[in-house]
Amino acid sequence: MSSYIIEGETGPWEVVIGLEVHAQVISAAKLFSGASATFGGDPNTHVAFLDCGMPGMLPVINAECVRQAVKTGLGLNAQINRRSVFDRKNYFYADLPLGYQISQFAHPIVGEGTVILDMKDGTSREVGIERLHLEIDAGKSLHDQHPSKSFIDLNRAGVALMEIVSKPDMRSPEEAGAYLKKLRAILRYLETCDGNMEEGSMRADVNVSVRHPGEPLRTRCEIKNVNSVRFVMQAIEYEAARHVEVYEQGGIIEQETRLFDSAKGTTRPMRSKEFAHDYRYFPDPDLLPLEFTQEFVDEIKAGLPELPDAKKARFIGDYGLTPYDAGVLVAEKETAAYFEAAAEGHDAKAVANWVMGDLFAALNRTGKSIAESPVAPENIGRLVDLIKDGTISGRIAKDVFEIMVETGGEPGRIVEEKGLKQVTDTGAIEKVVDEVIAANPDKAAEVKAGKEKLLGWFVGQAMKASQGKANPGILNEMIRKKLLG
Amino acid sequence: MSLDKATVRKIGFLARLEIPEEDLEGLAHELNGILGWVEQLQQVNTEGVAPLASVSETRLYWRDDVVTDGAMPEKVLANAPDGLDGYFLVPKVVE
C-alpha cells in the first residue's frame, strides 16, 4: 500500500481518518412506530403520532430492525451485545419534533469488529469497527421553497438507522474510499441497507486529523453528511492540507464540525459556535433495555449469505482468479452472481476477462447496470467455448460480442447466421495466401531478401481477405512457408 | 453541587426557553433543591447492586415489521401553526 504523506516544511505529515457511517436499515416500518419506512411519498404521509412528537405516544421497537442490526454486526465480524440500552440525545431542531433522538450511547447493540479493505494494487488492509448502534433518523427540512420559511417533511423521522463507527485506522483518502465501498458491499450482500448514497440511505461523517508519524493523535475536525465516495475522498484531501497549513503557520486546529462544499471541493465551519451541542444523553425512560438470547443470534448467523471476503477467497481457490480480479468481481453482489452464472462449466479465467473487459465497457457505454445486461451470462460462457474449441478466432469473437450486446443473441447462432466460422481448411487458406502473394510481388521479394518484418503485413492482408475467418495459426505458418521456404 | 445563574440560562437556551433575567435566581434555587434531593439519594450504598431499568418485571415488547400507521397527513398537521402542501412551515432555519 503506497502511503499518503503530505510533505510540509516541518517534515512529513500523516493523515488520520475515522468514519461514522449512517446506514438506513431496510425494513417495512420505522424503528419505533408502525408508519412506513419507504423512501419518498407525499409529505407527512408516512408519519405516526409518535414520529411527530405528539404527547402520550410510546415507542415500541421493530423486531426486524433488531435482526438487521445483529445481522450487520455479524457481517462485520463484530461482538454482538445481547443487552443494549436506548438513550435520548437531546437537541433542538425543527425536523426533530421529539426534541431528542432515540439512540444508543454507552451500551450499543454491536461492539468491536473488522472490515478488510481490498486496495487497487491487490493488497489488503484491516480497519477496525468501534461500534454499531441503532437510532432514529430525523425529518427532512427544505430551505429553498420560501423566502422566510423552512418546509418540514417528517416521512423520514423515526426511520431506523445504523450508525457504524470505525476506528481511526485509515491513513489516506484512497483507504477511506475503499472502506466506504467495502462497507457498502457488505451491507448490500446482507440486504440490511441498500447503500444508496444519492438518496441518502448511506451518509458519512468524516473525522480528519494530521500528525507527524509517531506522534500521538492531534485534534480532529468532523465533516458532516458527505454523500458520495468521491466527495469523502475530496473532503479528506482538502481538510488534511488545511490542517498542515494551519500548523505550519504556527496556528492551532480547534475541534469543530465542518461542512463539505461539493461545488468548490472545500470545507467550512458550521455557522455558529454558540450552537455547540450539549446532548445531555440519558437512558430513555420509555424503553426497557434491548435484550435477546444467544439462540436469536445463532439463528441469524445460520442464515447469513456468503459475504464478499469469503466469495473472493472462493473465486481465487475454485476458479483460479487473481486476487485483484476476484476483488473486482465480488465488489457488487450482482456482478459476482453474473460471473458465476457465466463461468459455470466454462473456462472461468477467460469468462472473468470478458466480464471485466468487454462486458463492463459495453455496460458503461450504454449506461446499464449488470442486472440489465443485454448479454445473458450463459452466452458469455458459450462465447468462450467457441473460441476455445477453435470455432471462431479471438478477433472474430469481439465482433460476435458486439452483436450480442446489440441483439442479445446467442453466440453460436450469430456465428452460424453471419458465417463467421473460422476457416481451418488449409486448401482454402492456401488459396487466399497465394492470391495475396501474387498481388504483391514486390513486397514478397523484399521478404525473401530478408525483410522479415513484412511478414506481419502479409498476415494482415490475408486475414482481411478471409474476412477475419482464417485460423491465425495456420495462416501464419503458411505465409512463412510460402515466403521463406 | 450548586447551579449559578449562567448555567440556568444555558439550560434554558438548550431547551429553547426564554427565561426573563429576574427569574433566573429563583429557578436556580428550585433546581438546586432538586439536585439536593438527588445528592441525598446518592448517599445510599449501592455497591454490588445492578442498575435498575424498571421496577416492573416486564421485558421490552417487540413489534412485527408491518406498516400499521401513518397515511393521515391532515391529522398530523392539524395542530401545526402553519403549513402548506402537506408540509409543516417553520421560521427559516439554515445552517
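Residues numbered from 1 in each chain as written. Chains lettered and ligands numbered in written order. Predicted model: local features only at pLDDT ≥ 70, side-chain atom pairs only at ≥ 80, totals over all residues. Heavy atoms only, no water.

### Some thoughts on the overall build of chain B
Phase 1: Helix and strand counts for chain B stand at three helices and three strands.
Phase 2: Secondary structure elements in chain B, listed N-terminal to C-terminal, are α-α-β-α-β-β.
Phase 3: Relative to its length of 95 residues, chain B is extended, with a C-alpha radius of gyration of 22 Å against a globular reference of 12 Å.
Phase 4: Within chain B, the fraction of its 95 residues that count as buried is 18%.
Phase 5: Surface exposure of chain B reaches about 7500 Å², of which carbon and sulfur atoms provide 57%.
Phase 6: Separation between the mean location of the 8 positive side-chain charges and that of the 17 negative ones in chain B comes to 4 Å. (Helix = DSSP H or I, 4+ residues; strand = E, 2+ residues; numbered from the N terminus. Rg over C-alpha atoms; globule rule 2.2 N^0.38 Å. Buried < 20%, exposed > 50% of the residue type's maximum accessible area, 1.4 Å probe, protein only. Areas by Shrake-Rupley, 256 points an atom, 1.4 Å probe, with all protein chains shown as cover. Lys, Arg positive; Asp, Glu negative; His and termini not counted. Charge placed at Lys NZ, Arg CZ, Asp CG, Glu CD.)

### A look at the packing of aromatic side chains
Phase 1: Summed over all chains, the structure comprises 14 aromatic pairs over all chains.
Phase 2: Residues Phe296(A) and Trp62(B) carry aromatic rings whose centres are separated by 5.4 Å and whose planes lie at 80 degrees to one another, so their mutual orientation is edge-to-face. Within this pair, whereas Phe296(A) is found in helix H4 (residues 294-302), its partner Trp62(B) is found in strand E1 (residues 62-63), the two belonging to separate chains.
Phase 3: With centroids separated by 5.1 Å and ring planes inclined at 85 degrees, the aromatic side chains of Trp457(A) and Phe458(A) adopt a geometry described as edge-to-face.
Phase 4: Residue classification places Phe458(A) among the buried residues on the basis of a relative accessible area of 1%.
Phase 5: Above the face of the Tyr247(A) ring, Arg218(A) is positioned so that its terminal group lies 4.5 Å from the ring centre.
Phase 6: The cationic tip of Lys398(A) hangs over the ring face of Trp354(A); the distance from NZ or CZ to the ring centre is 5.4 Å. (Phe/Tyr/Trp six-rings, centres within 6.5 Å; stacked < 30°, edge-to-face > 60°. Lys NZ or Arg CZ within 6 Å of the ring centre and 35° of its normal.)

### As for empty space enclosed by the protein
Phase 1: Within this structure, the stated rule accounts for one cavity of 30 Å³ or more.
Phase 2: Around the largest cavity, the lining is made up of 17 residues, and of these Asp51(A), Leu98(A), Ile136(A), Ala157(A) and Gly158(A) lie nearest the centre. (1 Å grid on protein atoms, 1.4 Å probe; cavity = no way out; pocket = protein on both sides within 12 Å on 5 of 7 lines; lining within 4 Å. Points joined across faces, edges and corners; volume = space filled by probe spheres on them.)

### A closer look at the sheet that holds strand E6 (residues 100-103) of chain A
All names here are of chain A.
Phase 1: The strand order E6-E5-E16 describes an open sheet built from three strands, whose pairing is antiparallel. Of all the strands in the sheet, the pair left with one neighbour each is E6 and strand E16 (282-283).
Phase 2: Judged from the two bridges that link them, strand E5 (residues 87-90) and E16 form a sheet pairing that is antiparallel. Counted as the bridge partner of Arg88 is Phe282 from E16. (Pairing = 2+ DSSP bridges.)

### As for the pairing of strand E10 (residues 149-153) of chain A
Phase 1: Burial within E10(A) is extensive, with four of its five residues counted as buried.
Phase 2: Direction of pairing for strand E9 (residues 140-142) of chain A relative to E10(A): antiparallel, over a ladder of three bridges. Looking at E10(A), one finds that Lys140(A) is bridged to Asp153(A).
Phase 3: Following E9(A), the chain reverses through six residues before pairing antiparallel with E10(A).
Phase 4: Pairing of E10(A) with strand E3 (residues 87-91) of chain B involves four bridges; the strand directions are antiparallel. Following the sheet pairing, Phe151(A) is matched in E3(B) by Leu89(B).

### Re the domain arrangement of chain A
Residues and elements named next belong to chain A.
Phase 1: The domain boundaries assigned to chain A delineate domain 1 (5-300), domain 2 (306-418) and domain 3 (426-484).
Phase 2: Just the C-alpha atoms count here: the centres of domain 1 and domain 2 sit 37 Å apart.
Phase 3: Across the contact, 13 residues belong to domain 1 and 13 residues belong to domain 2.
Phase 4: Here domain 1 packs against domain 2, burying approximately 1100 Å² in sum over the two surfaces, 54% of which is carbon and sulfur.
Phase 5: Counting the contacts that link domain 1 with domain 2 gives four salt bridges. (Domains from an automatic or database assignment. Contact = heavy atoms within 4.5 Å. Buried area = accessible area lost by both parts, 1.4 Å probe. Salt bridge = Lys/Arg side-chain N within 4 Å of Asp/Glu carboxyl O.)

### As for the layout of surface pockets
All names here are of chain A.
Phase 1: Space inside the second largest pocket adds up to approximately 1000 Å³.
Phase 2: What lines the second largest pocket is a set of 31 residues, and nearest its centre among them are Lys181, Gly327, Val328, Ala331 and Glu332.
Phase 3: Contributing elements (two or more residues each) for the lining of the second largest pocket: helix H2 (173-190), helix H5 (308-319), helix H6 (323-330), helix H7 (333-343) and helix H8 (348-366).
Phase 4: Residue classes in the lining of the second largest pocket are distributed as 14 nonpolar, six polar and eleven charged.
Phase 5: Looking at which domains feed residues into the lining of the second largest pocket, each of domain 1 (5-300) and domain 2 (306-418) gives three or more. (Nonpolar A, V, L, I, M, F, W, Y, C, P; charged D, E, K, R; others polar.)

### Focus: the nonpolar core
Residues and elements named next belong to chain A.
Phase 1: In terms of nonpolar packing, the biggest core is built from 113 residues, with Leu19, Ile109, Ile164, Tyr179, Phe339 and Phe401 touching the most fellow members.
Phase 2: In terms of residues, this core owes the most to one element, H8, which gives ten residues.
Phase 3: Structurally, this core is a two-domain feature, drawing no fewer than three residues from each of domain 1 (5-300) and domain 2 (306-418).
Phase 4: Here Ile164 is in contact with Leu19, Glu20, Val21, Ala23, Thr72, Leu76, Ile129, Arg131, Leu132, Tyr179, Leu183 and Leu187, once residues within four sequence places are set aside.
Phase 5: Val447, Leu475, Met478 and Ile479 belong to the second largest nonpolar core, which has 18 residues in total. (Core = buried A, V, L, I, M, F, W, Y, C linked by side-chain atoms within 4.5 Å.)

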